[in-house]
Amino acid sequence: MAEKRVSVRLAAIGGRQVRAELEGIGEAGTRGFGRLSREMEAANTRLAAFARRAGIAMAAAASAATAGLGIIVRNAAQSADQIRQFAQVANATPESFQRWASGARTVGVAVRVAERDLRALSAPLLTGEIVVNREGADLGPGDVIRLRSTRLGLDDVVMRISEIGQGDGRDNGIRLKIAEDVFALGATAIAGGRMPTGTGTGVAAPPRALARRMVEEAPYWLLVRELGHSEADRRLAEDPDAGALVATGERPSADALAAQLWVDPGTGPAQEGVVAFAPTALLAADVTDSPEARVIPVTGWRDIGEVEIGTLASIGGELVRVDGISQNSISVGRGCLDTVPRAHGSGTPVIFFDEMARITEDSWAAGETLAARLLPETGRGTLAFALTPEDAVTLDRRAIHPLPPGRVQGNGSYAPNVDALVIGSLALIWTHRDRLTQTSPVIVDHTGASIGPEPGVGYIIEVRWVDPDTGAAILPAGVVIDTGSAASWTLAPEAIPELGAPDRTAEIELAVRSRRLVEGSWVTDREARWFRLTAPFAASRPSCRPARPHAPRRCPPPATRARC
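Criteria and cut-off values
Residues numbered from 1 in each chain as written. Predicted model: local features only at pLDDT ≥ 70, side-chain atom pairs only at ≥ 80, totals over all residues. Heavy atoms only, no water. Buried < 20%, exposed > 50% of the residue type's maximum accessible area, 1.4 Å probe, protein only. Helix = DSSP H or I, 4+ residues; strand = E, 2+ residues; numbered from the N terminus. Pairing = 2+ DSSP bridges. Axes fitted to C-alpha atoms, helices over the stretch in contact; angles between N-to-C directions. Parallel < 35°, antiparallel > 145°, perpendicular 65-115°, else oblique. Left-handed = near helix turned anticlockwise from the far one by under 90°. Contact = heavy atoms within 4.5 Å.

Student: Explain the pairing of strand 22 (residues 406-410) residue by residue, including any values.
Tutor: Two faces make up the sheet, and in a regular strand the side chains alternate between them. Within strand 22, four of the five residues are buried, leaving the element largely enclosed by the surrounding structure. With three bridges joining them, strand 22 and strand 23 (residues 426-431) adopt antiparallel strand pairing. The residue of strand 23 that forms the bridge with Gly-410 is Leu-428.

Student: Hey, could you go over the packing of helix 6 (residues 220-227) against helix 7 (residues 229-238) for me, with residue numbers and the actual values?
Tutor: Contact geometry for helix 6 and helix 7: axes closest at 7 Å, N-to-C directions at 125°. The angle between helix 6 and helix 7 falls in the class oblique. Helix-helix and strand crossings are classified by hand; for helix 6 and helix 7 the assignment is right-handed. Counting all contacts with helix 6, which are made through Tyr-220, Leu-223, Val-224 and Leu-227, the residues of helix 7 involved are His-229, Glu-231, Ala-232, Asp-233, Arg-235 and Leu-236.

Student: An account of unusual backbone geometry is requested, with residue identities and associated values reported.
Tutor: Cis rather than trans, the peptide bond between Gly-452 and Pro-453 has omega equal to 15°. With respect to the helices, strands and loops of the structure, Pro-453 is situated in the loop between strand 23 and strand 24 (458-465). For the bond from Leu-475 to Pro-476, the omega torsion is 0°, close enough to zero to count as cis. Tracing the backbone through its elements, the reader meets Pro-476 in the loop between strand 24 and strand 25 (479-484). In the Ramachandran plot, Arg-407 falls in the positive-phi region, its phi being about 50° despite a non-glycine side chain. Within the secondary structure, Arg-407 sits in strand 22. The backbone phi angle of Glu-519 is positive, close to 50°, even though this residue is not glycine. Note on placement: Glu-519 falls in the loop between strand 27 (507-518) and strand 28 (521-524).

In C-alpha cells form, the structure reads like this:
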C-alpha cells in the first residue's frame, strides 16, 4: 500500500535558522516539495522572497481548493466526475487523491482529512517567535501551547512549537518559534467561503524601517570569500574599477523575515536581492581611535545570541574582530583589513555582519554614487519604498586598494608627543600588510605582526598642512616622502620646510601610507592613522604656540608682527 503521508522539513542554514513544517500527500505534493527544496538550497538569503512568492501561490491554491471542496460537500461522492474535479483542484491524479484518505470510513471523514491537509499546505498560518522565562525550559519541539494576547487580538489560539532555543549564558530567555496548529480535523468539512481579511488577526506586525544599517562597498576579503580567489581576481583584472555592495542591518522586529535590497545608480531603483539581518548593538560611550582601546561598552543588544567569536563587526565603517562578548561590553581587535582605528561617538551602531554578509550580483563603476534602501519584510508584507531610509555609497575601487600599514608608531608610541618634531627627529615604524593573503577567516588587527607585504606595494610619508583658522587638514599633501618598501623611517625636522606652507601654519598632519601601481597610476590605501603635530618651523614663533595640544595655532594680529 502506498505511503499516505509525506513530511518535509525545509531549513535555511546560515545565521538565523528558519524551519517550515509542511504536511502533504500525493505525487503532485511530492513534486511540489522537490521544487521548494531546490529553491531553498539555491539561495537561503532569499528565503523571504521565496516565502512571499509561495504565499501568493498558496493563497490562490487555497481559494481554488475552497471552491472545489464546496462542490464535493454539496454532492458528496455522487459520481466519479466529482472525485476527478477534486483531484484536479488539488493538482493530483484521482488515484492519488483517493489514497490521501484511504483510511477513512466515510466520504465525510475523507473530505475532512483532505480539507485539513490542504489547509495546512495552502492557508496562511499564524507564525511568530516569543521569548519566555526559564519555566519554559521543559518545552520541546512539537509541544502545543495556547497563545493569549489582547494587543494582538488572540484568544487562546492553539500554537505548536517548531523550534526552541535554550539561551547561551548571555541571553537566558527561552526563545520559541511557533506556528498555528492546523493538524487536527475540523468538525465539518468546509463548504466555500473566503479567508478573513484585516490587519488585526495575525501574529506578524507591519514592517518597520531599519534604524541600524550597514551599506558599503565590498572589500577584497569579502569578494574572495563569496567568489573564491580565482574568480575575484579575474573580475578585478578585467575591470579594476568595478565594485559590489554589501548590505545588512538590524532585525527591526521579532517577526521580520529578511530585507529586500534596492539600489539606484541614478537610472532608477532595482532590486538586488534579499539580505539577512545581523546582530547589532549601540556604543554606550565614546570610543577613542587608540588601537589599544579594545574593551568597548555597548548597550541595546539585538540578537546577542547569534554573535560568534572571531568574526568581523563594523563600527561606523571601522572593521573590528570580535574577541569577547558580554551584556555590557565587547572586546575587539581594532582596525582590521582595509580600515584603521577611528574615534566613534556614543550611540554609534555596531553591526555584527560577518555571518550574514552577501555581496550584490551586479557591480558598478568607480565614482558612481549608489542610493541603497533596505525594505524589511514580515508576514504582513514589505515596508513601502517611500518609507525606507536611503544610504548613499560612492564607489572608490575599494577591492584594489592596498591595505594600510599596521602598528604605525612614532617614537615607540601610538600617540607620539605633539612637539616631537620640535624637539628632534621622529622615528616611524610600522608592519606590513598583504591584501592578497589576508583572506582567511583568521583576522589580523592593526596591532598584529607583519604579513607580506603585497607584491608591488611601497610606502610614503604624507604631510598635510593644517589650516590655522579652521583646524582642518589641507589637500593636496604639502610634502610626500617616498620610503620604498622598508618598514621604518626617521623623519628629520628639516624634511618638512616652511616653504610652501600657508601663512601662519603652525600644525601638520602626518601619516604613513601604502600604495601600489595599477594601470600606470598610484592607488593609495583608503585609510590611514594620522598624527597631528606641531610644525617644526613653528618652534621659532612662540606666540603661535597653542594653549593646548591639537588646538589651532593663533598668531598675533598683523599690526604686531611682520610674519610669524
